[in-house]
Amino acid sequence: MEPGVAIHKPQNLGLWIEADESSRYGVAIFNFRESENHRLSLDVGDTVNIICHTEDWYYGFKTKNHSRKGIFPKKFVCIRDSVIDSSGPYNVILPVEPPIVHEITAVLREWGRIWKDLYMHSKRTQKTNFNQIHKTMLELIDYRRLIMSKKLPLDEMKEYQQKVTNKIDMGNARLGLDLVVRDERGNIVDPLKNSTVNLYRLHQVATKRIEEERGLIQDRHVTKKVSSFNLYVNVKNFVCRIGEHADILLTLYDAKDGLFISDNYIMKWGNHGMPKDIDMLNNLRVIFTDLSLKDSTREKVFLVCQIIRIGRMDLKEADSKKQAKGMRRPFGVAAVEVTEILNGKSDSDGEKQFFIPFLQCGERDFMENIIKKAITARDINHKGQGLWVTMCILHGDLAQIQKDYPHIVTNTTAIARKMGFPDVILPGDVRNDLYVTLMQGEFRKGGKVADKNVEVTLTVYNEDGEVIENVISEGAGGDMITQYKSIIYYHEDKPRWFETVKLAIPINQFYGSHLKFTFKHRSTSEAKDRSERNFAMSYIRLMNDDGTTLADTIHYLLMYRIDPKKTEDTSRNYFSLPSTAKELRPSSSIGAPKSSLGVGGLSFNPADTFQISTLVCSTKLTHNVDLMGLLKWRDNLATLTRHLRTFMSVDGEEIVKFLQDVLDALFNILMENADSKTFDNLVFEALIFLFGIISDHKYRQFRPVLDLYIRETFSATLAYTKLVIVLKSYIDDVSSASKIESLHKIMKSLEYIFRFIVRSRDLFAALNENKEKLEFEQLLRQLFISINNLVRNANDSTLSVCETVMKNLPSIITDIITVCNPLEFSGVLVEFLKSIPTDRLVKQKMHYINDLVHSPLFLISDCRRILFPVLLMHVESLLSNHEELEICIKILSDIMDLLYNAERVGDTYEDIKTISLSMLRVIIQTVIFMMESGMKLVDNAVAVLTSILRQMTERHYENYILQFETTIDLNDFLMEILMVIEDLVRRNVYPADWNEMIMLQNWVFLKALKYFSSIIQSKFKNPFAFEIWRRIFFSAIAFLTQDPLQLELFSEVKRSKILSRYKDMRREGGFEIRSMWFNLGQHKIEFIPEIVGLILEMTLIPEPELRRHTIPIFFDMMQCEFMSLKPNSKHHVRNFNMFEQEVIAKLDELVGANRGDKEYQELFFNVIKEKCEQHKTMRDMGLKFVDTIKQLMQLLLEYRGVIKEDNLDNKMSCTVSLLNFYHEINRRELYLQYLHKLCQLHLEAENYTEAAFTLMIYAKHLQWSNNTILPYLMSSKYPEETLHRNLKERIYYDIVSYFDQGKMWEKGIEVCKELAIQYETQIFDYLQLSQILRKQAELYDSIMTKVRPEPEYFRVGYYGTGFPSFLQNRAYIYRGKEYERLSDFTARLQNQFPNAQLLKTLNQPTDDIKQQPNQYLQINKVSPMLELKNHLIGKQLNDQILK
């Protein structure tokens, strides 16, 4: 319970009970306004933390103001489940809700305040920003409501969270707020739970994400090379007057090549204009999968819809029972281009509907021709017929989109695969598809009058002549069928079908199967059609005699006439006949005429022709003879050598299909062949070729398959010996270019070579109780000696091989340490690094080191102790010479990021100790170099420096300090790092919106400054080192006064977040500075007045506790100077003039820079006054000083407020007050500073005469001499003038000009005369004399010839304390504007002071009026008295002169 609750508890409210942790957070649902004691007022939406409660009341505070506590009714607050967050220095009560909801709530609160400010103060040009933020806030409110409803499916929840975070991030960027740093799931990260380097990298990612959203980087969907994507199509409606059943096929079509590139999607349409299956009415969805980069770069891709009517031959004929039914006839095509959707140039979010117009077929049109017409046609007279579809791109493979879009990929969504493999073949993607395209044919009339209406029927048979049922697919979304019937073209002797079907024949039935095509004439009449029989047939086997599959090409099939009179079974007897024209050529050499070919009821018909094309998409079958020869190597050992050599030219797509079989064959050859000399090297080279394929981007997805093979299938227990020996032989022999090239390929596959070696050794050890362990280790030692020798003796020809070794050697670490001692292998890697020539392959060497950092060895403490010294030595050497900075910084970044996770890497004390001792000084110097050079990489280097300092404990600091042999060395280090810290806080290397990074850096720097402060106080006080003490003061105060720590300038949300995480770092830093000051002892006087301004700047920070504890430093400074000895004397100074002058000068500067406030004025006055009153010797002088400072601050604060207004008169009055004050205390430099400001104000008001008189005061401080001007007399307008005479001359010319513009020509003549005397009698510059005399003559002319209106003068009295202090109870004489009368002047003044009352009399106001907190104006006209100069008295003068 909070202290004091019982004391302030209202009467009769019962017993107070402490609130539970889960019910300490509430939201006000009504306004609560009561002025009684201890009541806490609430507005709707205010969030409160509840400390305790009674039956009807809560006691607590608002989250936006923890200091104000009170009671409020329970009925006015809605309690939310809460938790206590203890991650920061303070416990924070948070509502139990999804993090994204909490973020939306905080964002809306912060944006709401800014949004109101935009409305009140924004200009017209900012209205767009206002409207955009308003729109986004409404969207966020809607999203928050949806998320809070808890009704969203998981995939939609993820989608909404992504949208919300994008909108928040973009809104923050638009409003100039801080960057929000998120993890990969979109959750806000906690800086204190992340390494410094990781936080830096997350900032980079967030910045890039915002830039992408803003369009500063080219569209990611265009530039990103995706391995796989999919086109989702949803058919919303189909309108077409067919009148019969129809098959509607949707397919992707490459217009340039004239080929379909995907499966069909088939919709079975009824004769009533709806799907046959009514359940599919709103579920006509298909995903065209396996699309790849190649498909996104095709020139022209269309989504083609083919409509095939199923019914009568001719729709024009009347429908009757006499008409034959069930014939597939072409009806029309619809097509829309999708090229820009596939390549990402056109947005398609799945909501926009595309209309695809329908183009009907003509009488003699082939479907192929009508597709081309539909594609090229500009305008189609569709008469409202066509399809309405929506489309969008889904990235990833099928498994990924099923996971990401479960609402799209349902059991009713059809999957149409690509005809061919994607760029990346997935390991689990088992396919055995055969695409058959009916191309074209030519048929004689035979005994008919007209050309035939040919229908082709496709059936699949096995080797026994039995039909394989349900293996033909018309398209995705349809059922598998046993027979496929083609489109019928009416009376066409040369039909061109261009129809593709997919055959999915089980692999166990594929061998020995064949396709059979039968040809039939279809008659229009039902009776005639029933009597028609197949007139011809063709067939083709799916497998070749050598075990390979049918080639992907066009096949010219032989046509065999069927004799209807011979009815014997022809299901198998045609196997003896050639099936294709290619087979016919060899058979014709026997001598039999082609026309005599036949069997049973079949006879060869050379006059008719038929063409098909096939495409095999199978992960189980191959076309390649060489690959098949290798897989069946035992069948013919004589050809094994040839097959091993030709294997290395087989296409990778074929090899990955049979990856496991190929590996089994190769290792069986390796182990079973006695002729090692012949086959070991060939097998090894074949393995290297295979590993190279797996490393290719297209087949990288097969790496898990290879990994699985090694882990579970591989069984060659003795292979390791042969592999090591062969590998060593290749490394030892680099005598020719071809061998070097071979070794280069081998080294690229080093990882998998060693994986097989290690797995083989593990299997052998398991079977043989770890026998031959020493022999194996010796083999490895010899192998690594060979590798080291290769690198050590590198020349120009083998340099690329060495580079490849360095690139791939770290990849073997994971496996090798399972069979070797990690510590010993760490030594091997170190020796390898030492073997690399110092001046060669420097960059590659650093990448090798970086790979070692990411290896498993770095997770083992003992291994790091072996590796660290050598690795850091290389990094240190390059950084010291400013070489390869990028990779060096990356290595250090990765090391520090890794070492932050102690749970993963174990104890890191020694590691951080090694890094700090060897790298801290180097990284400091690198940061200095980068900052001076303006390198972009400096932000990463600073992150590394911050990370090192953050992860150093007090023991690390102590060890680091102990390494310095002398205090001079230690002094140099401290000076260096303190200067770096000061530079980094004064000009931060991070963007201003990287607040999390900046605050973490400050938190680390504060810890470092405190430690360095203690070191300086303990080691540099006796003997005293002034410069290092001076530097720590400068650095520490620069740290405190930096903008990112000024919490008062931030929003409530940002301020609360910083305080909950880091507290107010200024307070902690200020207390340290206070401790340092009071620890200076007798050396304090050495810092006066130099650091007076710094301390003043610190005390002006608006943090009450900091001010209270640091303002007393000023009194100590006063005492110090007061009691200090005069130079060369034993007498005390007995004043604090230096301190006083510095305070006044710095106050003027800092208050003008918007530092300080009324509270500071009062606190300074009270604290110093109290201490002065208690000091007998200094009392009077101190109290006078305090009064002076109070008066000065009053004037400065008023000046700061007035200078922002538009009232020039008030600005002038306030400036005059400051002028007079500085004149009274004899601060000439400040007096002249404000004199220039007053002159500028007169010029802005076009008071040229007053401006001239003001400059005259300044000119009086200058002499007609050639002495050098003191700094405080320099003119900002003429900074190049350094001599009195030159500057005074130029000022006089300005004065003459202003008098001329103000029509005060008489005064201008006086200045001209003074200048003329100087030119004539002092410097004898007659050219300048003639010029000034001409100007003087012009002024005389002006007196006599120009009109000079007589100005009126007014007296104004400002009475009452309601006026600013510089006006209170004072009277001023004003010169009115030209032709301005009393009424006009009074109205002008009343506009300036609308609340002022006008006194009706000219009597002196009473003291009561003067003391009232109101404003009273007394205005009256006054007339100037004309006083002629002596030489004009009694003379007759022209009126122009008198005016």
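Source: prediction; values computed, not measured. (Residues numbered from 1 in each chain as written. Predicted model: local features only at pLDDT ≥ 70, side-chain atom pairs only at ≥ 80, totals over all residues. Heavy atoms only, no water.)

Asker: Give a detailed account of the overall build of the protein, specifying residues and quantitative values.
Answerer: Looking only at helices and strands, the protein features 53 helices and 35 strands. A globule of 1443 residues ought to have a C-alpha radius of gyration of about 35 Å, yet the protein, at 47 Å, is considerably larger. Counting all 1443 residues of the protein, 51% fall into the buried class. (Helix = DSSP H or I, 4+ residues; strand = E, 2+ residues; numbered from the N terminus. Rg over C-alpha atoms; globule rule 2.2 N^0.38 Å. Buried < 20%, exposed > 50% of the residue type's maximum accessible area, 1.4 Å probe, protein only.)

Asker: Pulling in residues and values, what's your account of the packing of aromatic side chains?
Answerer: Here the structure, examined in full by the defined rule, presents 69 aromatic pairs. Both rings, one in F667 and one in F714, keep their centres 4.8 Å apart while their planes meet at 65°; by these two values the pair is edge-to-face. A residue pair is termed long-range when its members are at least 10 positions apart, and F667 in helix 17 (residues 659–672) and F714 in the loop between helix 19 (703–713) and helix 20 (719–732) qualify at 47 residues. Residue classification places F667 among the buried residues on the basis of a relative accessible area of 3%. An angle of 65° between the planes, with centres 5.7 Å apart, marks the rings of F1221 and Y1222 as edge-to-face. Among the residues examined, Y1222 registers a relative accessible area of 0% and is labelled buried. Through successive ring pairs, a cluster of aromatic residues spans F1354, Y1358, F1363, Y1372, Y1374, F1385 and F1393. Over the ring of F1165 we find K1190, and its NZ or CZ is 4.2 Å from the ring centre. (Phe/Tyr/Trp six-rings, centres within 6.5 Å; stacked < 30°, edge-to-face > 60°. Lys NZ or Arg CZ within 6 Å of the ring centre and 35° of its normal.)

Asker: Explain the confidence of the model for the protein to me, and be specific about the residues and the numbers.
Answerer: This prediction gives the protein a mean pLDDT of 87; 94% of its residues lie at or above 70. By mean pLDDT, helix 1 (residues 5–8) is the weakest element of the protein at 37, and helix 32 (residues 938–951) is the strongest at 96. Counted against residues more than four places away or in other chains, residues 1–13, with its pLDDT under 50, gives 20 contacts. Across residues 587–592, confidence stays below pLDDT 50; counting only partners more than four residues off in sequence or on other chains, it has 2 contacts. (pLDDT = per-residue confidence, 0-100. Contact = heavy atoms within 4.5 Å.)

Asker: Any chance you could break down the pattern of salt bridges for me, citing the residues and the numbers?
Answerer: On inspection of all chains with the given rule, the structure shows 71 salt bridges. One salt bridge in this structure joins D43 and R33, with 2.1 Å as the shortest N-O distance. One end of the pair, D43, is in the loop between strand 2 (25–28) and strand 3 (47–53); the other, R33, is in the loop between strand 2 and strand 3, with 10 residues separating them in the sequence. Exposure remark for R33: the relative accessible area of 54% places this residue in the exposed category. (Salt bridge = Lys/Arg side-chain N within 4 Å of Asp/Glu carboxyl O.)

Asker: Describe the environment of N605, listing the residues and the values that go with them.
Answerer: One can find N605 in the loop between strand 30 (602–604) and strand 31 (609–618). On a C-alpha basis, the gap between N605 and C392 in space is 51 Å, while along the polypeptide they are 213 residues apart. Residues within four places of N605 in sequence aside, it is in contact with R444, M559, Y560 and R561.

Asker: So what's going on with the sheet that holds strand 35 (residues 1416–1422)? Residues and values would help.
Answerer: The strand order 33-32-35-34 describes an open sheet built from 4 strands, whose pairing is mixed. In this open sheet, the two edge strands, each paired with only one partner strand, are strand 33 (1370–1375) and strand 34 (1397–1398). When strand 32 (residues 1353–1359) meets strand 33, the two strands line up antiparallel, connected through 6 bridges. Across the sheet, the residue bridging to F1354 is Y1374, located in strand 33. Lying on the sheet, helix 51 (residues 1382–1392) is in contact with strand 32, strand 33, strand 34 and strand 35; it crosses strand 35 at an angle near 155°. (Pairing = 2+ DSSP bridges. Axes fitted to C-alpha atoms, helices over the stretch in contact; angles between N-to-C directions.)

Asker: Quick one: what's the story with helix 51, residue by residue and with numbers?
Answerer: Turning to helix 51, its buried residues are F1385, T1386 and L1389. The buried side chains of helix 51 occupy one side of the element, clustering within an arc of 100° when seen end-on. Away from the buried face of helix 51 by more than 90 degrees, exposed residues S1383 and N1391 are located. For helix 51, the elements touching its buried residues are strand 32, strand 33, strand 34 and strand 35. (Arc of directions from axis to C-beta.)

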